[in-house]
Amino acid sequence: MNDTTTLDIDRSVGDFSYPEVHQFDAGIGLSADTVNYIADVKGEPDWIREFRLKALDVFEKKPMPTNWASKDLEAINFDKIRYYLAHGQKATRSWDEVPEDVKRTFERLGIPEQERKFLAGVEAQFDSEAVYSNIKKAVGDQGVIFMGSTDALIERPDIFRKWFGKVIPTGDNKFSALNSAVFSGGSFIYVPPGVKVKHPLQAYFRINAENFGQFERTLIIADEGSEVVYMEGCTAPKFETATLHSAVVELVAMKGAKIQYITVQNWSANVFNLVTKRGLAHEDAEIKWIDCNIGSRLTMKYPGVVMKGKRARGEVISIALASDGQHQDTGAKMVHAADDTTSNVVSKSISVGTGRATYRGLVHVPKHLKGCKNNTECDALMINSTARTDTYPAITVRGTGNAVQHEASVSQISAEQIFYMQQRGLTEAQAMSLSVNGFVNDLVRQFPMEYSVELKRLIDMEMEGSVG
Amino acid sequence: MSSLEIKNLHVSIGEKEIIRGLSLVVPKGEVHAIMGPNGSGKSTLSKAIGGHPDYTITSGEVLLDGVSILDQAPDERARTGLFLAFQYPMEIPGVSNANFLRAALQARLPDGEELEAVDFYEQLYAKMDELEMPRAFTARSVNEGFSGGEKKRNEILQMAMLQPKYAILDETDSGLDIDALRIVSNGVNALRGPNLGVLLITHYQRLLDYIVPDYVHVMVAGRIVQSGGKELALELEERGYEFIREGIEERETATV
Amino acid sequence: MDQNNAGTTGNLLSSGARADGARDWSSELREQAWERFEQLPAPVRTQEEWRFANLKDLGLAQYSQPLPLGDADEHSLRERSHGLDKIAGRMIFANDRLIARDCIGESLRQKGVLWLTIEEAASAHPDLFRKHFMREEAVLGSQKFAALHQSQARAGTFLHVPRGVEIDLPIEAFHWLHGSGGSCFPHTLIIAEEMSKVTFVDYFESDDATATGLACGVNDLWLGAGAKVTYVCAQNWSREALAFQINSTVVGRDAHAIALNVNLGGSHARTESVSHLRGPGGRSDMLSVSVADRRQELDQRTFQIHEVPNTASDLLYKNSLDDESRTIFSGLIRVNPGAHKTDAYQKVRNLLLSDEAEANSAPGLEIEADDVRCTHGATSGQVEEEELFYLMSRGISKKQAQKLIVHGFLQEAIDRVAHPAIAEKLGELVHQKFDAAR
């Protein structure tokens, strides 16, 4: 095994920015002109341009989902956001060619050290475009394609166009429509039949400009019997005003394929992180989302799996940490669309201070299916009396022959508990660590080893002095 | 000076003074009961001695074997030999009883010394048997989902394992039905001996039928107003707290 | 505008002023309620409170005011009002008119127990009545139907149990819906003062199991310090009836409320139940048993509101679903800021007996205090083949075996009432429904 890597999600590491000099800038605000500008800069064919313009129309017509979601969404001013900023639209394959200021940024984040250690491929996105993308030769030789969204659509439409926008249609929600109109960057990956990518593919997303919206688009297709693990990390410096990150991630696991998608999100506390993630699992395929949300002002993200083929499996494992002023609104969607499909959701949230953690879940077992199973567990931990936690699952089951189970619990670490443990002789720090680790331990164990160590350290750090 | 000694103690919560000049000595080997009506400050006394941050000690002293503990953090007091059995024991989700007790015992060992796991479990199982607790209990999270009786039994188990010098049992009888009360009382009685001083806080006399105290003190409005032998408890049971309260008011009026 | 005609009325239910032209002290309140009813928008499915619901069945246009009743019908309904053998009192209403009253004993009267119709209570004890009558607003979506109820309610029982009075035997009320296309608005108001105790059973029945009709009831329980109230509602309206039931329970210090709703009838029956845990030490047990078949839609919404520290609530809802029936359970536990030491529990279990049946569950938690213990769970499953086989291997027919298993499944909630006579009576009603269906 490799050394434990340090995916640098420590906020003090991410909290820096460099003066921006952008070669391409779509200006402030959103209109057909903005969309056309992006399409022009990228040299996109008409079908992509039309796709974008249609999406813009859908975005404008769709209301904000404030009938069920946080009213805080109203704080986003779409007219004040910059939708496209780039140094140059081609990602470089050699680290030396990366512009100096961008290089400095990513070197501080530990890229490409990561790559040298164990990654099979890495892509780094700075504002709108990938600035660095490399895939190890061995993986490339196996036929694995790993490229940016626009390049992929232009160069390999035979592979990507078929699934692009199919797992998550433009009109799925207001933010998927927004992404469809202005998407830029992200990773398009194709793994040929039977290929098992040994090491994870990885992407870093970095917002460096104020008032900026990042809209990357990711599509991963794992062909029959293939396996791939993808990891992404997100950071941004602290700005005075709100920043928007609105990605769309589509996964397609063909017959018997396995995709594991790992996210560690540590956006700074002014980022609205509104992401749509969904996978389509064919017969005997497996899609697993591992989702860790630590940063952002408001995160709304409900990774889903549509189990389209028999015996397909879907899984969401998530940890959310809502600190002061943060709202982590996360969950899972499991749609069973074939017999003998199995889904599993395990969600753990910790809310601290004025933080709020919300779980929203959807489990759907429609007509006439047999042997479908879902198991959902969500546990919330509250630290301090001003914290808040909500759980809103919605479960629809039709017919006999299926088993669906949902369980949730809320517990707390209060000053009283800490006092209780101190009264038995533990120090305050020992008491806190024992409690928090007791809560997340069984879940952290499911993360790849190199993440779990880092994650525990990060959580311990966030917890310091939070009770009192 | 083998005793828990409280000297002219004054305790406030926020602006409000709850304990108003309380003095009491519990020598090792004795069981003292404090009885009093609701709101007399009984629970405040135990929390304040334990070092709960919400309670401010404005004046007075608490000495453990002659040494003041008021400057110590709650965990230091515990390691010095003080044990509180809580009226409402806390639930600690995700932390098993066994791990919790191990951590607490480990914290009492000098740096670099490791708790012997085999001995630990041997001792733990023996104590659990005495308290009629099933083995599966060790894997359950501390107090989580426990009935009132199980929680109180767990308090006594912790006390048995941690072997304090002085124990304050705060309304241990609340939330116990008659069977649970018997088991818990037996547990406490088994721990009585020359090396343990017990301060038993209770509202009802019935606990004292099972754990017979050496002395009974009556607490009203933050002070000990009367002390006596175990028969004082019976008198209270019969006549209620009113007669004592009247007595005090008369005395207070007389001093004006 | 929404596509459904939920909540729309024709000209039949026009205002609080009834056909007989009578005006009483509360006419004004009725008229205000009617205005509210007309002003409030009809429910739409995009409201979270109406998620999953079929709103097209909710039109009110086809229903008339409560129909008049002949002497022979009255007599027959009195005969058919079988409740418990041992009771402290019974009232029977048909189409919102009182048709029989077995008075409570002299001893209870001497202790000051008031046992009246709501109209009697409104005129004889106006202050007490007004202080409690519909004082808790509907908050789960049926504000409009609560207003309709208030504008129409005349029938129902008012029970006031004074401080320290314990009524050992249950008190009963029957509400009959007679004829086709009519309506009724049953009301139950129970005020249990400090340290009092009472058990009350409402029976909702239709004379003809296939007649259409509208039932829109409200039930309010008020529990003073240390009071214990056990309330059971056996809803057995006709299978073609449209029914709304809005329940509110206010639990004071150290009080204990146990409420069980048994849902058998109705083509579309919606029940909203709210427990306000308002005094420290209070506890509310919310129970339900639903037996859905054919094309029934049984829609239950619940709310456990922990307003103060040290309160407990425990919800157990059990649904069995056959044929093309649908059930909806949407429940929320809310722990207000500062309501520490809350112990809240919520469990819904669906047993699906047919491939066309659909169970929707949305158990929710909103927690704004720490130092709480809240758990909820929802399961959906079916009768285990192994279990069926075991029973059949002992010579029991498949249908019979299934019935036994379903009964066993439902029994857990019924047993929580801890009243054998009531459990037996409810068991009978559930049996009747199964027998009628098969």
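Refer to the preceding data block for the structure.
Here the structure is a predicted model, which is why all the values come from computation and not from measurement.

Asker: Please explain the nonpolar core as it appears in this structure.
Answerer: A general feature of soluble globular proteins is that nonpolar side chains tend to end up buried together. The biggest cluster of nonpolar side chains holds 324 residues, and the ones touching the most others in it are Ile189, Val228, Leu251 and Ala253 of chain A together with Ile190 and Leu223 of chain C. The residues touching Leu251 of chain A, leaving out its near neighbours within four places in the chain, are Val167, Ile220, Ile259, Tyr261, Gly279, Leu280 and Ile287 of chain A.

Asker: Would you mind going over helix α8 (residues 398-415) of chain C with me for this structure?
Answerer: Since there are 3.6 residues in each turn of an α-helix, residues three or four apart along the chain are aligned in direction. Residues and elements named next belong to chain C. For α8, spanning 18 residues, the distance from its first C-alpha to its last is 25 Å, which sits close to the expected 26 Å at 1.5 Å a residue. Remark: the principal bend of α8, roughly 30 degrees, maps to Phe409. By the burial criterion, the buried members of α8 are Ala401, Gln402, Leu410, Ala413 and Ile414.

Asker: Would you mind going over the pairing of strand β19 (residues 358-367) of chain C with me for this structure?
Answerer: If a strand is regular, its side chains alternate between the two faces of the sheet. Extensive coverage of β19 of chain C is indicated by the burial of nine of its ten residues. Relative to β19 of chain C, strand β23 (residues 388-398) of chain A runs antiparallel, the two being bridged by seven bridges. Its bridge partner being in β19 of chain C, Arg398 of chain A is matched across the sheet by Glu358 of chain C. By the bridge criterion, ten bridges tie strand β17 (residues 326-335) of chain C to β19 of chain C in an arrangement that is parallel. The residue of β19 of chain C that forms the bridge with Leu332 of chain C is Gly364 of chain C.

Asker: Would you mind showing me how to read the interface of chain A and chain C here?
Answerer: Where interface size is quoted, it is often the accessible area lost as the parts come together. Contacts between the two partners involve 34 residues from chain A and, on the opposite side, 33 residues from chain C. Of all elements in the fold, only β22 (373-383), β23 and β24 (403-413) of chain A reach the threshold of two or more residues within the side of chain A that touches chain C. A breakdown of the residues in the side of chain A that touches chain C according to their chemical character gives 13 nonpolar, 16 polar and five charged. Looking at chain direction, β24 of chain A and strand β20 (residues 373-382) of chain C are connected through seven bridges and run antiparallel. Residue Glu407 of chain A lies in a different strand from β20 of chain C, and its bridge partner there is Gly377 of chain C.

Asker: I'm lost on the sheet that holds strand β2 (residues 16-27) of chain B in this one. Help?
Answerer: Remark on secondary structure: sheet strands pair via backbone hydrogen bonds, oriented parallel or antiparallel. Residue and element names in this part refer to chain B. One open sheet accounts for four strands, arranged β2-β1-β4-β5; its pairing is antiparallel. The sheet is open, and its two borders are formed by β2 and β5 (67-68), each paired with just one other strand. When strand β1 (residues 3-13) meets strand β4 (residues 55-64), the two strands line up antiparallel, connected through eight bridges. Considered in β4, the bridge of Glu5 is made with Leu63.

Asker: Sorry, what's going on with unusual backbone geometry here?
Answerer: What is expected of a backbone is that most residues other than glycine have negative phi and most peptide bonds are trans. With phi around 55 degrees, Asp340 of chain A is a residue other than glycine that occupies positive phi space. On the secondary structure map, Asp340 of chain A appears in the loop between β19 (327-336) and β20 (342-352).

Asker: Honestly, the packing of helix α4 (residues 117-130) of chain B against helix α5 (residues 148-162) of chain B in this entry has me stumped. Any pointers?
Answerer: For any two helices packed against each other, the geometry is given by the interaxial angle and the distance between the axes. Residue and element names in this part refer to chain B. Interaxial distance between α4 and α5 falls to 10 Å at its minimum, and their mutual angle equals 140 degrees. When the axes of α4 and α5 are compared, the pair comes out oblique. By crossing handedness, the relation of α4 to α5 is classed as right-handed. In this structure, α4 uses Gln123, Leu124, Lys127 and Met128 to contact α5, whose residues at the interface are Leu157, Ala160 and Met161. Looking at the contact of α4 with α5, its residues break down into five nonpolar, one polar and one charged.

Asker: I keep staring at the pairing of strand β13 (residues 258-265) of chain A and nothing clicks. Help me out?
Answerer: All names here are of chain A. By the criterion of burial, β13 is predominantly enclosed, with seven of the eight residues buried. Two elements, β13 and strand β15 (residues 286-293), share eight bridges in a ladder whose sense is parallel. Paired with Ile262 across the two strands is Ile290, which belongs to β15.

Asker: Got a minute to help me understand the sheet that holds strand β10 (residues 197-202) of chain B in this structure?
Answerer: All names here are of chain B. Read from one edge of the open sheet, six strands run β6-β9-β10-β3-β11-β12, paired in mixed fashion. This sheet does not close on itself; its edge strands, each paired only once, are β6 (82-85) and β12 (223-228). Each strand axis lies, on average, 20 degrees off the axis of its neighbour in the sheet, ignoring direction. Here β6 pairs with strand β9 (residues 166-170) via four bridges, running parallel. For Leu82, the partnering residue across the bridge sits in β9 and is Tyr166. Here α5 sits on the sheet in contact with β6 and β9, set at roughly 170 degrees to β6.

Rules behind the numbers
Within each chain, residues carry numbers counting from 1 in the order of the written sequence. All chains are assigned letters beginning at A, and all ligands numbers beginning at 1, according to the order in which they are written. With pLDDT at 70 or above as the cut-off, local features in this predicted model cover only qualifying residues; side-chain atom pairs require 80 or more to be listed or tallied, and sums for whole chains, interfaces and linings still use all residues. By our criterion, buried Ala, Val, Leu, Ile, Met, Phe, Trp, Tyr and Cys residues that link up through C-beta atoms within 7 Å make up a nonpolar core. Buried, partly exposed and exposed are defined by the number of other C-beta atoms within 10 Å of a residue's own C-beta, namely 20 or more, between the two limits, and 12 or fewer respectively, with C-beta atoms placed from the backbone. Think of it this way: build a C-beta for each residue from its backbone, and any pair within 7 Å is a contact. Only runs of H or I of at least four residues qualify as helices and only runs of E of at least two qualify as strands under DSSP, and these elements are numbered from the N terminus. Multiplying 1.5 Å by the helix residue count minus one yields the expected span of that helix. The reported bend at a residue is simply the angle between two axes, fitted to the 7 residues ending at it and to the 7 residues beginning with it. Here, strands pair whenever DSSP counts at least two bridges between them. Polarity classes work like this: nonpolar for Ala, Val, Leu, Ile, Met, Phe, Trp, Tyr, Cys and Pro, charged for Asp, Glu, Lys and Arg, and polar for all others, with Gly in that last group. Lines are fitted to the C-alpha atoms to define the axes, a helix being fitted only along its stretch in contact, and any angle between axes, read from their N-to-C directions, falls within 0 to 180 degrees. In this scheme, roughly parallel covers angles under 35 degrees and roughly antiparallel covers those over 145, while 65 to 115 is roughly perpendicular and the rest are oblique. Take the far helix as your reference; a near helix turned counterclockwise from it by less than a right angle gives a left-handed crossing, and one turned clockwise gives a right-handed crossing.

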